[in-house]
Amino acid sequence: MEQYIVKGGNSLVGEVEISGAKNAALAILAASIMTDDTVTIENVPDVSDIRVLTQAIESIGAVVEHPQRHVYTINGSQILDLPVDNELIRSIRGSYYMIGALLGKHKNAQVALPGGCAIGLRPIDQHLKGFKALGAEVRVKPSGIVVATAKNLHGAHIYMDLVSVGATINVMMAASLAKGITIIENAAKEPHVVDLANFLNSMGARIRGAGTDVIRIKGVERLHGTEYAIIPDQIEAGTYMFAAAATRGDVTITNVIPKHMESISAKLKEIGCQISESDDAIRVVATGRLQPTNVKTMPYPGFPTDMQPQVVVLLGLSNGTSIVTEGVFENRFRYVDELMKMGAKVTVEGRTAIIDGQDAYTPATMSAPDLRAGAALVIAALSADGISKIDNIHYVERGYEDFPEKLRAIGGEIIKTASKEEESSALRRLNLKAIS
Ligand code: UD1
């Protein structure tokens, strides 16, 4: 089984360049099939979720080319009336964007229900409610395939019962090719909602208000080809900022949009780090003891739920007691048992974690329970003096491009191994380095 072997204890120092945003790329790649023209997308991260989605798009007849590592061209003119379904597509959350894209373009979608990280129930009732309001008939087959069909889609006034990134994006896609005006109230405001709106507008859609609570979409007859570059990944950037803090490092994160990082930068300042920003970079310097604080995860512009495990790891190294409340998902503390193997003192009660900070973690062998928690365990391991092992790293590779390579470039000692022999050789290399 693949694992990371981490020899912690070094302060991370240097520069890390952030890749394109995974969650924006998933939505934008799905939306690329909504025109018969060719679409070129740049700054697509090279992570496994993206490979799964592009294979799914190809499997229903789109022509997908991948001329360079971060560039895809997609032509959806020959899409066939086939279900989007295989074992892999059921494993990623972003597959549900194929429903909005296919329903908008062909007025017919059959897509296997989404999987993704097991961090709560994650229903898609708000997506389905939105499609129905646009005039679609929607049912879920016992096999787990969502079938959405419509003679015609028409604009509608939709009030989301809760703030959902996925439902906002899905409805925006379908409504772009509906007749008339759609208004989404209580819309999600995440940077990738705005990125998808900008992308669709560059294809001729007429979407206004993305980034606010109310999004207004005037349906158009057809969309046309475009060339578009994805925004940088807010959560990847935040993860490296927290890795810098946990290792008392000095790291400059480049290719970021500092505005998207405000809630994360503000928390790091409360925790005692120095943060400086330029147009597209943020430097994090951490010296001395970290301070405790309280955090509640919220939809954007609040502190992101996808940074919750990382902030718990960091506060476990602070000088006092902190409370972290999960405000988005109902079951996002499963990784705490793993972190406690490193000696973390965390008590979970429902959606709240109480963290008693301490000087340092002790190395341990752990298992990544999901994508972001996996990255957080790596941060904990990087901070702990000695050798830790983390398995189930396929979760981490769903969303972090070149994670070990980028960490090594700033002084992290982390090696990915795929067999017992590779593990022994990695341990020899890390131990030899320690002696010399
Ligand atoms: C997206 C992100 C994920 C991130 C999350 C919140 C992708 C592929 N994933 O997930 O990384 O953690 O946003 O920022 O972009 N809900 C319902 N009914 C629905 C939809 C959602 O009850 O129809 C609930 C969810 O269970 C959750 C909350 O609403 O408790 C927010 O979910 P949502 O914003 O939809 O998250 P995702 O789009 O699944």
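Residues numbered from 1 in each chain as written. Predicted model: local features only at pLDDT ≥ 70, side-chain atom pairs only at ≥ 80, totals over all residues. Heavy atoms only, no water.

A. The packing of aromatic side chains, seen in detail. Tallying each qualifying case throughout the model produces 7 aromatic pairs. A centroid spacing of 5.4 Å and a plane angle of 75° characterise the contact between phenylalanine 199 and tyrosine 228, whose relative ring orientation is edge-to-face. Taken as a pair, phenylalanine 199 in helix H6 (residues 191-202) and tyrosine 228 in strand S13 (residues 227-229) lie far apart in primary sequence, 29 residues in all. Tyrosine 228 shares its class with phenylalanine 199; the two are buried. Three or more aromatic residues joined by ring pairs make a cluster, and in this case those are Tyr4, Tyr240, Tyr400 and Phe403. (Phe/Tyr/Trp six-rings, centres within 6.5 Å; stacked < 30°, edge-to-face > 60°. Helix = DSSP H or I, 4+ residues; strand = E, 2+ residues; numbered from the N terminus. Buried < 20%, exposed > 50% of the residue type's maximum accessible area, 1.4 Å probe, protein only.)

B. Here's a closer look at the pairing of strand S5 (residues 71-75). Along S5, 5 of the 5 residues are buried, which leaves the element largely enclosed by surrounding structure. By the alternation rule, side chains of S5 split into Val71, Thr73 and Asn75 and Tyr72 and Ile74, which are all buried. Direction of pairing for strand S3 (residues 38-42) relative to S5: antiparallel, over a ladder of 4 bridges. Of the residues in S5, the one forming a bridge with threonine 38 is asparagine 75. Here strand S4 (residues 63-68) folds back onto S5 in antiparallel fashion, the turn holding 2 residues. (Pairing = 2+ DSSP bridges.)

C. Layout of the environment of arginine 208. Summarising the element assignment, arginine 208 is placed in strand S11 (residues 206-208). The sequence separation of arginine 208 and glutamine 126 amounts to 82 residues, and the corresponding C-alpha distance is 21 Å. Not counting residues within four places of it along the chain, the set of residues in contact with arginine 208 comprises Asn201, Val214, Ile215 and Arg216. (Contact = heavy atoms within 4.5 Å.)

D. Molecular detail of the pattern of salt bridges. Counted under the stated rule, the structure contains 24 salt bridges. A salt bridge links arginine 90 to aspartate 85; the nearest nitrogen and oxygen atoms lie 2.9 Å apart. Overall, arginine 90 belongs to the partly exposed group, its relative accessible area being 30%. Residue class for aspartate 85 comes out partly exposed when judged on its relative accessible area of 35%. (Salt bridge = Lys/Arg side-chain N within 4 Å of Asp/Glu carboxyl O.)

E. Just the site of the ligand, in detail. Taken together, the neighbourhood of the ligand is formed by 21 residues, with Tyr96, Gln126, Ser164, Asp306 and Val328 sitting nearest. Within the side chain of serine 164, a nitrogen or oxygen atom sits 2.6 Å from an oxygen atom of the ligand. Measuring from an oxygen atom of the ligand, one finds a side-chain N or O atom of aspartate 306 at 2.6 Å. Against a free-state accessible area of 730 Å², the protein chains account for coverage of 91% of the ligand. For the shell around the ligand, the secondary structure elements donating two or more residues are helix H4 (125-133) and helix H5 (165-176). (Near = heavy atom within 4 Å. Polar contact = N/O pair within 3.5 Å; in protein donor to acceptor, adjacent residues only side chain to side chain. Areas by Shrake-Rupley, 256 points an atom, 1.4 Å probe, with all protein chains shown as cover.)

F. Structural detail: H6. The end-to-end C-alpha distance of H6, which contains 12 residues, comes to 16 Å, matching closely the 16 Å that a straight helix rising 1.5 Å per residue would cover. Buried within H6 we find Pro191, His192, Val193, Asp195, Leu196, Ala197, Phe199 and Leu200. Looking at the packing, one finds that the buried side of H6 touches helix H1 (22-31), S3, H5, S11, strand S12 (215-218) and S13. Positive backbone phi, approximately 105°, marks glycine 204, located one or two places after H6. (Expected span 1.5 Å × (residues − 1).)

G. Highlighting the packing of helix H7 (residues 234-246) against helix H9 (residues 308-315). Running from amino to carboxyl end, H7 crosses H9 at an angle of 5°, the nearest separation of the two axes being 10 Å. Our classification of the angle between H7 and H9 gives roughly parallel. For the pair H7 and H9, the contacting residues are Ile235, Thr239, Phe242, Ala245 and Ala246 in the first and Gln310, Val311 and Leu314 in the second. Here the residues of the contact of H7 with H9 are counted per class, giving 6 nonpolar, 2 polar and no charged. (Axes fitted to C-alpha atoms, helices over the stretch in contact; angles between N-to-C directions. Parallel < 35°, antiparallel > 145°, perpendicular 65-115°, else oblique. Nonpolar A, V, L, I, M, F, W, Y, C, P; charged D, E, K, R; others polar.)

H. Expanded view of the nonpolar core. Counting 79 residues, the largest nonpolar core has Met98, Leu196 and Leu200 as the members making the most contacts within it. Per-element accounting of this core gives the leading share, 8 residues, to H1. When near neighbours in sequence (up to four residues on either side) are disregarded, leucine 196 contacts Ala27, Ile28, Ala31, Ile169, Met172 and Met173. Ranked by size, the runner-up nonpolar core spans 69 residues in total, among them Ile271, Val324, Ala344 and Val396. (Core = buried A, V, L, I, M, F, W, Y, C linked by side-chain atoms within 4.5 Å.)

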